[in-house]
Amino acid sequence: MSTAKGEPVKECQKTKHFDVLTADGGCWRGRKLILATGVKDLLPEVEGFKELYGRGVYVCLYCEGYEYRDQPMAVYGNCERGVHLALEMLPLSNDITLLTDGEELTASDKERQLLKRHGVRVVKGRIARAFSDRGGCLAGVVLEDGEEIKLKSIFFNTGRRQRSELPARMGLQLDDRNDIICDVGCGRVPNIHGLFVAGNNSQAPLQLIMTAASQGAIVGKTINSELMYEDLGLKVGGTSTQAATYLDGERLEMREDGRREAAGKGGAQRAGRLERWRHVEAEE
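Owing to the predicted nature of the structure, the values given are computational and were not obtained by experimental measurement.

Criteria and thresholds
- Residues numbered from 1 in each chain as written.
- Predicted model: local features only at pLDDT ≥ 70, side-chain atom pairs only at ≥ 80, totals over all residues.
- Heavy atoms only, no water.
- Pairing = 2+ DSSP bridges.
- Helix = DSSP H or I, 4+ residues; strand = E, 2+ residues; numbered from the N terminus.
- Axes fitted to C-alpha atoms, helices over the stretch in contact; angles between N-to-C directions.
- Phe/Tyr/Trp six-rings, centres within 6.5 Å; stacked < 30°, edge-to-face > 60°.
- Buried < 20%, exposed > 50% of the residue type's maximum accessible area, 1.4 Å probe, protein only.
- Lys NZ or Arg CZ within 6 Å of the ring centre and 35° of its normal.

A. The sheet that holds strand S11 (residues 138–143), seen in detail. Spatially, 3 strands are ordered S10-S11-S12 in an open sheet, and the strand pairing comes out antiparallel. Edge positions in the open sheet fall to strand S10 (127–132) and strand S12 (148–150), since each of these has one partner strand only. Going across the sheet, the axis of each strand differs from the next one's by a mean of 20°, ignoring polarity. In this structure, S11 lies alongside S12, joined through 3 bridges in antiparallel fashion. Residue Val141 lies in a different strand from S12, and its bridge partner there is Ile149.

B. Here's a closer look at the environment of Gly185. Inspection of the secondary structure assignment puts Gly185 in the loop between helix H5 (166–169) and strand S15 (195–197). Here the alpha-carbon distance between Gly185 and Gln203, two residues 18 residues apart in the chain, equals 9.7 Å.

C. Here's a closer look at the packing of aromatic side chains. Enumeration according to the criterion identifies 4 aromatic pairs in this entry. Seen in terms of ring centroids, Tyr53 and Phe156 are 6.0 Å apart; in terms of plane orientation they differ by 45°. Their pairing is tilted. Taken together, the positions of Tyr53 in the loop between helix H1 (49–52) and strand S6 (57–58) and Phe156 in strand S13 (residues 153–156) put the pair 103 residues apart, joining distant regions of the chain. The partly exposed category is assigned to Tyr53, whose relative accessible area is 37%. Ring-pair connections join several aromatic residues into one group, and the members of that group are Tyr58, Tyr68 and Phe155. One residue, Arg69, lies across the ring of Tyr66, its end atom 4.0 Å from the ring centre.

Written out as structure tokens, the structure reads:
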């Protein structure tokens, strides 16, 4: 993770504010903090997959799958993740292969029946390498026994991890998919007032570019509203902002602190607006 100026983040501390400490000794302070650090897909360790990632080897069927409709498609995986991904391909192609890469198929009787009924080929042989065509795109895979399987696309679902180590160092909880646990509706992290997550590093119904962007917009709007409400001493979501409990157990009177911060560096204009709002409130 890095700041807007590109310095790598070394540590983040939460007291009454968030202090983000960078490796070069800098310190960035704020009342709210958004972690939008992304995730890293766990690419299968198959020769050629790394070179062909994005050129026939993909992680998201709903992002790239339609481009390969009516062509030979494959899934790299096993168990429910691999089997169900293969079944989700059925509307796109009638030439689907499930590559278990040396493992016996792990599936229920019902899943086996569905694979057989819909003509999904299950290949248990270990993959030696993936190979490309003259244009540098995926052309297929070669098994260790020499068998060649021609393919136009391979989709994998082997998991992901947090791209940044900062969430772990902050002690944030992850779910079984390695996503940061949060309020899916607004990205708020439980039990740490002012901390939000946005993008593919957080829990979401879908991990897509579009959903990540929409999360960023929702989180930004939520934080903007909270800052305004706190500065005005109003309630946010039915809970008084003056009773916000922080990770260290301390309580902060947001309205007073908001006035002090507004009068500080870069806050003069916002302070003037707040005073006008308070003046209107007093007249009403």
